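Report on the structure
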Amino acid sequence: MNSANRSHCFSSDIIFEILSRSSLSTLGKCRQLSKDCNSLTYEASFTNLYCKRSNVLSGFFLQNLKRNKHSSQFVSVDNSDADNSLSLDFLSKSVQIVCSTTQGFLLCVDQNCRGPRYYICKPTTKEWKVLPNPKTRYFTERIGMMVLNSHPLRYKIVRFSKQKFQKSCRKWDEFNCLRCEVFNFSTSEWKQQQDVKLSYGEFLSSSPTVSARGSLHWLTNKNNVFAFHEDTETYSLFSLPSSVSLSEDDYGSGFQLVEYEGKLGLICTEHNFMELWILENYERKIWSLRQKISLESLEGEVGCGNFLAVYNSDVALMRGFYRAIFYKFKNGLATKKVIINHESMRSDGVFPFRSDFELSNLKNEYVETSSSGQKSRKSNKSSLQTHIVNESANLPESTNMPELTNMPTSRQNLSFSVSPDCFFLVLLFLFTFFCFIFDF
């Protein structure tokens, strides 16, 4: 080996040692220096050592649905001790994960009887924030979040929705129109953007959004990729590789958008083979086939299962019979198996997650926007459940409820307020009662 080669190898070893001790934010910036540096940080040997040295958790949240109640389970190859310790129990609510980030933040929703309530949380530090609601009379079709900076926390949330009761008009008959709203962290307000117009009959996949190259991506049922660009707050559509074609039967079963080494990837699973396509040139939309792998070695365990996500350049997450399997590309073997409820876990319940343990500027507070446009904040130091009770009663935290002994007993001093829901139920009961009498 000549001196030039020895110098090159020595430099790579030094870079490896330095990056394996860096923070998540520093690692993200270093990945943009060169292709070699970017590829190095996605190798299996690097991710394993990086999680140990930098105290970083890396894996997936697997979300299950049973009896209309969501539950989540964290699984990892490099952080086996965190499989049972990391949870969302600190929220004191049974929430649904709708989006995840590789900076340690989750976007969740609580579908209660009064309407949805959105949360941003960091599970490793048990920090959370309740966001002001968007226009709830519009049904949420898809939602995604992108973290712009971790320290201090800066983020954007985009929501696509439809009217619950849509009127028939030419605009809606020719296109599949979606209302677009963007939540900005600085103003704590939802801002409506230009409507999204898809071709008639085209809709977005229910799989979690994939963030790559500063954009959020969803797969459509017409061989397209829908991208929302964070910097311009606009959207675009581009096609899948020409050799890949989705049919109505294949859609959502054997195709999955993933992030691969910071780029947008597409996994195609068919019979006993898996193809991994990478969008090498994002501006010109040039796809290339990176790998084609035989799955015969896992046929007994996987069966009709499919790939769900990519962990690093050599390991992917698969769904098998009642288990999640971390599959290694090079030797075709399973590196780890996790028992799950196969019937309740779908492809839209897998959320890549990577986080450190540094505190963010989430202050465990409820944030809402008043009618005058000014923000009002309420801090909750005890629990989220106490705060929701205060919010539902429309009382500030400094206001004390009167004691029962001080309540007036005279009928003249008592006043009652009937909510519209209770009034509607009374009318419905009276209507049913009179119908029963007349029919009898």
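If you're wondering where the values come from, they're calculated on a predicted model, not measured in any experiment. Per chain, residues are indexed from 1 in the order of the written sequence. Totals for whole chains, interfaces and linings use all residues, but because this is a predicted model, local features are given only for residues with pLDDT of at least 70 and pairs of side-chain atoms are given and counted only at 80 or more. Only heavy atoms go into the side-chain values, all of them from the structure, while hydrogens and water stay out.

1. Some points on the overall build of the protein chain
The numbering of helices and of strands both runs from the N terminus, where a helix is a DSSP run of H or I of at least 4 residues and a strand a run of E of at least 2. Looking only at helices and strands, the protein chain has eight helices and 26 strands in total. Relative accessibility thresholds used throughout: buried, under 20% of the residue-type maximum; exposed, over 50%; partly exposed, between the two (1.4 Å probe, protein chains only). The burial tally for the protein chain puts 45% of its 440 residues in the buried class. In this analysis, two residues are considered to be in contact whenever any of their non-hydrogen atoms come within 4.5 Å of each other. Excluding contacts between residues fewer than 6 apart, the proportion of contacts in the protein chain whose partners are at least 24 apart in sequence is 49%. Of the roughly 24500 Å² of accessible surface on the protein chain, a fraction of 52% belongs to carbon and sulfur atoms. A 1.4 Å probe and the Shrake-Rupley method give the accessible areas. Residues count as covered only by the protein chains that appear here.

2. Points about the pattern of salt bridges
The rule for a salt bridge is simple: a side-chain nitrogen of Lys or Arg has to be within 4 Å of a carboxyl oxygen of Asp or Glu. Inspection of every chain in the model, using the stated rule, returns eleven salt bridges. Among the ionic pairs, lysine 292 bridges to glutamate 275, the shortest N-O distance being 3.8 Å. Of this pair, lysine 292 sits in strand β19 (residues 286-294) while glutamate 275 sits in strand β18 (residues 273-281); the two residues are 17 residues apart in sequence, bridging distant segments of the chain. Looking at lysine 292, the relative accessible area reads 54%, which means it is exposed. For glutamate 280, the salt bridge goes to arginine 290, with nearest N and O atoms at 2.8 Å. Within this pair, whereas glutamate 280 is found in strand β18, its partner arginine 290 is found in strand β19, the two being separated by ten residues in sequence. The exposure class of glutamate 280 is partly exposed, given its relative accessible area of 29%.

3. Let's talk about the sheet that holds strand β13 (residues 215-219)
In space, the four strands of this open sheet follow the order β12-β13-β14-β15, with antiparallel pairing throughout. Of all strands in the sheet, those with a lone pairing partner are β12 (210-212) and β15 (234-239), marking the two edges. Between one strand axis and the next, the sheet turns by 30° as a mean value, whatever way the strands run. Two strands qualify as a pair provided DSSP detects at least 2 bridges between them. Of the pairings in the sheet, the one linking strand β14 (residues 224-229) to β15 comprises six bridges and is antiparallel in character. Bridged to phenylalanine 226 within β15 is leucine 237. What counts as an axis is a line fitted to C-alpha atoms, over the stretch in contact for a helix, and the angles between N-to-C directions run from 0 to 180 degrees.

4. A closer look at the pairing of strand β16 (residues 255-260)
Most of β16 sits out of view: five of its six residues are buried. Relative to strand β17 (residues 263-270), β16 is paired through six bridges, and the arrangement is antiparallel. The residue bridging tyrosine 260 from the neighbouring strand is lysine 263, located in β17. Linkage of β16 to β17, two consecutive antiparallel strands, is achieved through a turn of two residues, within which glutamate 261 is found at a positive phi near 55°.

5. A look at the pairing of strand β4 (residues 106-112)
With respect to burial, β4 is a largely interior element, five of its seven residues being buried. The pairing of strand β3 (residues 96-100) with β4 spans four bridges and is classified as antiparallel. Of the residues in β4, the one forming a bridge with serine 100 is leucine 106. Hairpin connection from β3 to β4: five residues lie between these consecutive antiparallel strands, with glycine 104 at a positive phi of about 100°. Sheet analysis places β4 next to strand β5 (residues 115-122), joined by seven bridges and oriented antiparallel. Its bridge partner being in β5, cysteine 108 is matched across the sheet by tyrosine 119.

6. Considering the environment of aspartate 36
Among the structural elements, aspartate 36 can be located in helix α3 (residues 35-40). On the basis of relative accessible area, aspartate 36 is assigned to the exposed category, the value being 63%. Placed 24 residues apart in sequence, aspartate 36 and serine 12 show a C-alpha to C-alpha distance of 9.3 Å.

7. What about the sheet that holds strand β24 (residues 350-355)?
Taken in spatial order, the three strands of this open sheet run β2-β1-β24, and their pairing is antiparallel. Among the strands making up the open sheet, the edge pair consists of β2 (69-75) and β24. Put simply, the sheet's adjacent strands are angled 30° from each other on average, direction ignored. As paired strands, strand β1 (residues 57-66) and β2 are joined by seven bridges and run antiparallel to one another. Bridge pairing links phenylalanine 61 to phenylalanine 74 in β2.

8. Regarding unusual backbone geometry
Across the junction of histidine 151 and proline 152, the peptide omega takes the value -5°, indicating a cis bond. Structurally, the position occupied by proline 152 is in the loop between β7 (138-149) and β8 (154-163). With a phi angle near 55°, arginine 213 is a residue other than glycine that sits in the positive phi range. The phi dihedral of glutamate 233 is positive, around 55°, even though this residue is not glycine.

9. Some remarks on the confidence of the model for the protein chain
Across the chain, each position has a pLDDT score giving the predictor's confidence in that residue, from 0 to 100. Residues at a pLDDT of 70 or more form 70% of the protein chain, whose mean pLDDT is 78. Contacts of residues 381-417 to residues separated by more than four positions or lying in other chains number 28 contacts, the stretch itself having pLDDT below 50.

10. Notes on the nonpolar core
Ranked by internal contacts, the top residues of the largest apolar core, which has 18 residues, are Phe61, Leu88, Leu106, Cys108 and Cys121. Those residues in contact with cysteine 121 that sit more than four places away from it in its chain are Leu88, Phe90, Leu91, Gly104, Phe105, Leu106, Cys108, Glu127, Trp128 and Leu362. What we call a nonpolar core is a set of buried Ala, Val, Leu, Ile, Met, Phe, Trp, Tyr and Cys residues that are connected through their side-chain atoms within 4.5 Å.

11. Structural notes on the packing of aromatic side chains
Pairing of aromatic rings covers Phe, Tyr and Trp, the last counted by its six-membered ring, and requires centre-to-centre distances within 6.5 Å; plane angles under 30 degrees mean stacked, over 60 mean edge-to-face, and any other angle means tilted. Counted by the stated rule, this structure contains 17 aromatic pairs. A ring pair is formed by phenylalanine 160 and phenylalanine 228, whose centres lie 6.1 Å apart and whose planes are at 75°; its orientation type is edge-to-face. Remark: phenylalanine 228 occurs in strand β14 and phenylalanine 160 occurs in strand β8; sequence separation between them is 68 residues. On the basis of relative accessible area, phenylalanine 160 is assigned to the buried category, the value being 0%. Classification of phenylalanine 228 by relative accessible area gives buried; the value is 6%. Summarising the aromatic geometry, the rings of tryptophan 218 and phenylalanine 226 are spaced 6.1 Å apart at their centres and angled 50° between planes, so their arrangement reads as tilted. Grouping aromatic residues by their ring pairs yields a cluster made of Phe160, Trp218, Phe226, Phe228 and Tyr235.

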